[in-house]
Amino acid sequence: AQKVTQAQTEISVVEKEDVTLDCVYETRDTTYYLFWYKQPPSGELVFLIRRNSFDEQNEISGRYSWNFQKSTSSFNFTITASQVVDSAVYFCALSEAGYSTLTFGKGTMLLVSP
Amino acid sequence: DGGITQSPKYLFRKEGQNVTLSCEQNLNHDAMYWYRQDPGQGLRLIYYSQIVNDFQKGDIAEGYSVSREKKESFPLTVTSAQKNPTAFYLCASSIRSQPQHFGDGTRLSIL
């Protein structure tokens, strides 16, 4: 069975601070995909990134970066120089290769204050 | 614009009533999904369909039903058997192993 744990329920930071959202996963498969989605107050989920289990390279996209470590089963997400518009709930998710369904963590609510 | 349309945005259900949530996509995606979101619980899979006229139960299918008569449509019926239907419902679609695209959601409440 798959499981995704986001231990941080809520994080509050002040604008321009860096913040890291943690994600730990469990799966028996050797081939799988990891995802991050953003849910702003309007409710829709916005896709941010997908990584497959064979690609442990860290990725950077503007102020966003992701650190994938198979040794610790973690896929952490860092926002550098946070902005008020980053305020949202962020979900980490996992899917097994060959299946398209996602297992989500419970989400981390990020509040960025001016 | 291509995307996923969920309607209505808000829905109210009376006791003993079935209600149907609409989900339509024009992305030509093969697979479609329904998730339920409760506060602090993340998203849980209700049903999914990978091809027309076929669908599978997810983790919390009891009290729900779906149909997939057309590729672009995947309506979800919340039946009277679902005793705690108040939640935010999200529909998604995907093609092959590509990331899922989500609609804007429907918020269902009990009257």
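Per-chain numbering applies: the sequence of each chain, read as written, is numbered from 1 onward. Here chains are named by letter from A upward and ligands by number from 1 upward, in the order in which they appear as written. For a predicted model such as this one, the threshold for reporting local features is a pLDDT of at least 70, and the threshold for listing and counting side-chain atom pairs is 80 or more; totals across whole chains, interfaces and linings nevertheless cover every residue. Each side-chain value is worked out from all heavy atoms of the structure, with water and hydrogens disregarded.

## Observations concerning the overall build of chain B
- Secondary structure follows DSSP: runs of H or I at least 4 residues long count as helices, runs of E at least 2 residues long count as strands, and numbering of each begins at the N terminus. A tally of regular secondary structure across chain B gives zero helices and 11 strands.
- In chain B, the succession of α and β elements from N to C terminus is β-β-β-β-β-β-β-β-β-β-β.
- For 111 residues, the compact-globule formula gives about 13 Å, and the C-alpha radius of gyration of chain B, at 13 Å, lands near that figure.
- In terms of its C-alpha atoms, chain B occupies a principal-axis envelope of roughly 35 × 25 × 25 Å. Within these notes, the globule rule equals 2.2 Å times the number of residues to the 0.38 power, and the radius of gyration is based on C-alpha atoms.

## Some details on the interface of chain A and chain B
- It only takes one pair of heavy atoms within 4.5 Å for two residues to be counted as in contact. At the junction of the two partners, chain A supplies 17 residues and chain B supplies 22 residues.
- A simple way to read buried area is as the amount of 1.4 Å-probe accessible surface that goes missing from two parts once joined, with both sides added. For the pair chain A and chain B, the two sides together bury roughly 1,500 Å², of which 54% comes from carbon and sulfur.
- Here, a salt bridge means any Lys or Arg side-chain nitrogen found within 4 Å of an Asp or Glu carboxyl oxygen. Here chain A and chain B share zero salt bridges between them.
- For the purposes of these results, a polar contact is taken to be a pair of N or O atoms within 3.5 Å, where, inside protein, one atom must be able to donate a hydrogen and its partner to accept one; residues adjacent in sequence count only when each atom of the pair is a side-chain atom. At the boundary of chain A and chain B, one finds two residue pairs in polar contact (both at pLDDT 80 or more).
- Breaking the side of chain A that touches chain B down by element, the ones donating at least two residues are β5 (32–39) and β6 (46–52) of chain A.

## Remarks on the environment of Tyr-48 of chain B
Residue and element names in this part refer to chain B.
- Looking at the secondary structure, you find Tyr-48 in strand β5 (residues 43–51).
- Relative accessibility decides the category of a residue: with a 1.4 Å probe and only protein chains considered, values under 20% of the type maximum give buried, values over 50% give exposed, and everything between is partly exposed. We classify Tyr-48 as buried; its relative accessible area is 14%.
- Spatially, the C-alpha atoms of Tyr-48 and Val-78 are 15 Å apart, while their sequence positions differ by 30 residues.

## Some points on a nonpolar patch on the surface
- Here, patches come from residues exposed beyond 30% relative accessible area and free of salt bridges, joined within 9 Å for like charges and within 5 Å for nonpolar side chains (Val, Leu, Ile, Met, Phe, Trp, Tyr). To measure how exposed things are, a 1.4 Å probe is used in the Shrake-Rupley method; for residues, cover is taken only from the protein chains shown. Residues Tyr-10, Phe-12 and Leu-111 of chain B make up a contiguous nonpolar surface patch of roughly 380 Å² in combined accessible area.
- For Phe-12 of chain B, the position within the fold is in strand β2 (residues 10–13).

## Remarks on unusual backbone geometry
- In this chain, Ser-7 of chain B is followed by Pro-8 of chain B through a cis amide linkage whose omega measures -10 degrees.
- Mapped onto the elements, Pro-8 of chain B comes out in the loop between β1 (4–7) and β2.
- Look at Lys-16 of chain A: it is not a glycine, yet its phi comes out positive at around 85 degrees.
- Tracing the backbone through its elements, the reader meets Lys-16 of chain A in the loop between β2 (10–14) and β3 (19–21).
- You can call Lys-16 of chain A exposed: its relative accessible area is 69%.
- Of note in this structure, Ala-81 of chain A is not a glycine but carries a positive phi near 50 degrees.
- As for its placement among the helices and strands, Ala-81 of chain A is situated in the loop between β9 (74–79) and β10 (88–96).
- For Ala-81 of chain A, a relative accessible area of 30% translates into the label partly exposed.

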